[in-house]
Amino acid sequence: MATLIRSKISNVATSVSNKSQAKVSGMFARMGFQAATDEEAVGFAHCDDLDLEHRQGLQMDILKSEASEEGAEPPVEGDIHYQRDGTGPLPPSASKEQACAELSGQGKPRITAWEAGWNVTNAIQGMFVLGLPYAILHGGYLGLFLIIFAAVVCCYTGKILIACLYEENEDGEIVRVRDSYVDIANACCAPRFPTLGGRIVNVAQIIELVMTCILYVVVSGNLMYNSFPNLPVSQKSWSIIATAVLLPCAFLKNLKAVSKFSLLCTLAHFVINILVIAYCLSRARDWAWDKVKFYIDVKKFPISIGIIVFSYTSQIFLPSLEGNMQHPKEFHCMMNWTHIAACILKGLFALVAYLTWADETKEVITDNLPSTIRAVVNIFLVAKALLSYPLPFFAAVEVLERSLFQDGNRAFFPNCYGGDGRLKSWGLTLRCALVVFTLLMAIYVPHFALLMGLTGSLTGAGLCFLLPSLFHLKLLWRKLLWHHVFFDVAIFVIGGICSVSGFIHSLEGLIEAYSTNTED
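Summary of the structure given here. (Residues numbered from 1 in each chain as written. Predicted model: local features only at pLDDT ≥ 70, side-chain atom pairs only at ≥ 80, totals over all residues. Heavy atoms only, no water.)

**Considerations on unusual backbone geometry**
With an omega of 0 degrees, the peptide bond running from Ala190 to Pro191 counts as cis. Turning to its location among the elements, Pro191 is positioned in the loop between α7 (181-189) and α8 (196-227). (Helix = DSSP H or I, 4+ residues; strand = E, 2+ residues; numbered from the N terminus.)

Here it is, written out as structure tokens:
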């Protein structure tokens, strides 16, 4: 009898221990994302949807402990099932020791607030700031106000998006119950449509990533054509050459080497911005202050809205970034100083560049530089664009493959990877087709500002303005103060109007430009 009692006590103690380990492991798993140093920070974008491996161990431990309590047979290795909505297969797991080590967070260093700020700065101050002077051309002082307004709103929506990751538990403590933008979207649509929100976010994310790739090809062709106008090579031909260089992206397995090059290119881009501002300051005596007006070009200003909004897009990777910080409480402070700095630098860059060239301001501001330095600056920018292309491309490929080919029983097509983990030939063909698609779009619509405005109005406004405010109201409306409700509703309404207006005018501009190119 004593032996039986000791055995029972031992089993209960083991079960309690397993549950405690599972909960602690889950806490670390939810915070176990790796930081990236890529130029546009889109490495976090695909982590937003592809965080399964960090949570598989948690679900495995909980299922095993529950099975032990109920007296059921322990599951066979590789036979555990996990899914964000409760169904679907889990890939074969590693040993329990490896899983515990993985979940404990060992070998996964956290990032400081300064490092997190660096990632956000890379995302909102990339090479797409080159289109901001063109936005001032059509918006005047209102365009400058919009740069400030977009910074304030994007900073606020980034904070409320992170607030949607947390809920109050039974003890009154604020705990992190969600890991990603997709989780937030699914929670808002549950229980009637538990996966609808995540699919909407994924579609918006894929569109933004692919459009970013297209913009890199467009800007590469544009910069090379304007750098060497005397060569008998058209802008379309330069785009084809750029795509030929980018074709090996289809064979990428990871982005470690590319990210290092991209970091160097980011530093070079800051130097180029300083050079452009220095050149503009050298011509301060000739600045055309009288050209900056309070009136707007009603037809083209909505396009400027999309350009400005697109230059601030970072919300898609913020949940992963915040979860990886050493001190998540510093997130709000980090968002404040990064967006204040971005607002000041963008406003100054756009204003001094427009004052220098006034009505002659081009879609990509470096095309206005004298030919003596334009070629050098543009070649650096082209190198930066080509080295930045693999990042959004790889992220888009990851999301597409997981959603369409690797999502267990929910996958629409057969798995594109073989049993040995190698990509099948038809999967590689689809990757190459995606590269070619970005080329075709760049050839038929070679307009940097219009494409940037279209993307900002369609996905940028949705991911930065509309969805965060809507999710905040849906998940936390009972705890919100009246001014928070007012801000959320106002952002949703204003963002919706700007998004629809910018999308319509950008689309009209693209159709008109395409018709002109066809006639020529």
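Additional details are given in the paragraphs that follow.
**Topic: the nonpolar core**
Soluble globular proteins tend to pack their nonpolar side chains together in the buried interior. Counting residues in hydrophobic clusters, the biggest one holds 117 residues, and the most contacted among them are Tyr312 and Tyr389. No other element matches the 16 residues that helix α6 (residues 132-163) contributes to this core. In contact with Tyr312, other than residues within four places in its own chain, are Ile124, Ile147, Ala150, Ala151, Cys154, His339, Ala342, Cys343, Lys346 and Cys464. (Core = buried A, V, L, I, M, F, W, Y, C linked by side-chain atoms within 4.5 Å. Buried < 20%, exposed > 50% of the residue type's maximum accessible area, 1.4 Å probe, protein only. Contact = heavy atoms within 4.5 Å.)

**Examining the side chain of Ser227**
Position of Ser227 relative to the elements: it lies in helix α8. Here the side chain of Ser227 touches Leu223 through a polar contact of 2.6 Å, landing on its backbone oxygen. When neighbours within four sequence positions are excluded, Ser227 is seen to be in contact with Arg374, Ala375 and Asn378. (Polar contact = N/O pair within 3.5 Å; in protein donor to acceptor, adjacent residues only side chain to side chain.)

**Here's the deal with a nonpolar patch on the surface**
Where nonpolar side chains cluster on the molecular surface, the patch consists of Leu470, Val489, Phe492, Val493 and Ile497 and spans about 420 Å² of accessible area. Here the nonpolar patch takes four residues from helix α18 (residues 482-519), the largest share from any one element. Within the element layout of this structure, Ile497 appears in helix α18. Classification of Ile497 by relative accessible area gives exposed; the value is 53%. (Patch = residues over 30% accessible without salt bridge, like charges linked within 9 Å, V, L, I, M, F, W, Y side chains within 5 Å. Areas by Shrake-Rupley, 256 points an atom, 1.4 Å probe, with all protein chains shown as cover. Salt bridge = Lys/Arg side-chain N within 4 Å of Asp/Glu carboxyl O.)

**Quick notes on the state of the cysteines**
Applying the stated criterion across every chain yields a total of zero disulfides. The thiol of Cys154 is not disulfide-bonded; the next cysteine sulfur, from Cys464, is found 4.6 Å away. A relative accessible area of 0% places Cys154 in the buried class. (Disulfide = S-S within 2.5 Å.)

**Remarks on α7**
A large share of α7 lies buried, amounting to seven of its nine residues. Along α7, the residues that are buried comprise Tyr181, Val182, Asp183, Ile184, Ala185, Asn186 and Cys188.

**A word on the packing of helix α14 (residues 371-388) against helix α15 (residues 390-404)**
If you want to describe how two helices pack, look at the angle between their axes and the distance between the axes. Look at α14 against α15: their axes get within 5 Å of each other, and the N-to-C directions meet at 15 degrees. Classified by the angle between their axes, α14 and α15 sit roughly parallel to one another. Taken together, the residues of α15 that come into contact with α14 (itself represented by Leu386, Leu387 and Ser388) are Pro390, Leu391 and Pro392. In the contact of α14 with α15, the residues fall into five nonpolar, one polar and no charged. (Axes fitted to C-alpha atoms, helices over the stretch in contact; angles between N-to-C directions. Parallel < 35°, antiparallel > 145°, perpendicular 65-115°, else oblique. Nonpolar A, V, L, I, M, F, W, Y, C, P; charged D, E, K, R; others polar.)

**Examining the pattern of salt bridges**
One pass over the full model with this rule turns up four salt bridges. A salt bridge links Asp179 to Arg176; the nearest nitrogen and oxygen atoms lie 3.6 Å apart. For Asp179, a relative accessible area of 2% corresponds to the buried category. Taking the shortest distance from any N to any O, the salt bridge between Lys291 and Asp359 comes out at 3.4 Å. Taken together, the positions of Lys291 in the loop between α10 (256-282) and α11 (301-310) and Asp359 in the loop between α13 (331-357) and α14 put the pair 68 residues apart, joining distant regions of the chain. The class of Lys291 is partly exposed, set by a relative accessible area of 35%. In this structure, a network of salt bridges that share partners links the residues Arg176, Asp179 and Glu322.

**Side note on the packing of aromatic side chains**
By the definition in use, this model includes nine aromatic pairs. Considering the side-chain rings of Tyr181 and Phe471, the 6.2 Å spacing of their centres and the 80 degrees angle between planes classify their relative orientation as edge-to-face. Taken together, the residues Tyr181 in helix α7 and Phe471 in helix α17 (residues 448-476) connect sequence positions 290 residues apart. With respect to burial, Tyr181 and Phe471 carry one shared label: buried. Between Phe228 and Trp238 the ring centres are 6.4 Å apart and the planes differ by 35 degrees, which places this aromatic pair in the tilted class. With Phe228 in the loop between α8 and α9 (235-246) and Trp238 in helix α9, this residue pair connects regions lying ten residues apart in the sequence. (Phe/Tyr/Trp six-rings, centres within 6.5 Å; stacked < 30°, edge-to-face > 60°.)

**With respect to the environment of Gly126**
Relative to the helices and strands, Gly126 resides in the loop between α5 (113-124) and α6. Considered as a pair, Gly126 and His269 are 143 residues apart in the sequence and their alpha carbons are 7.9 Å apart.

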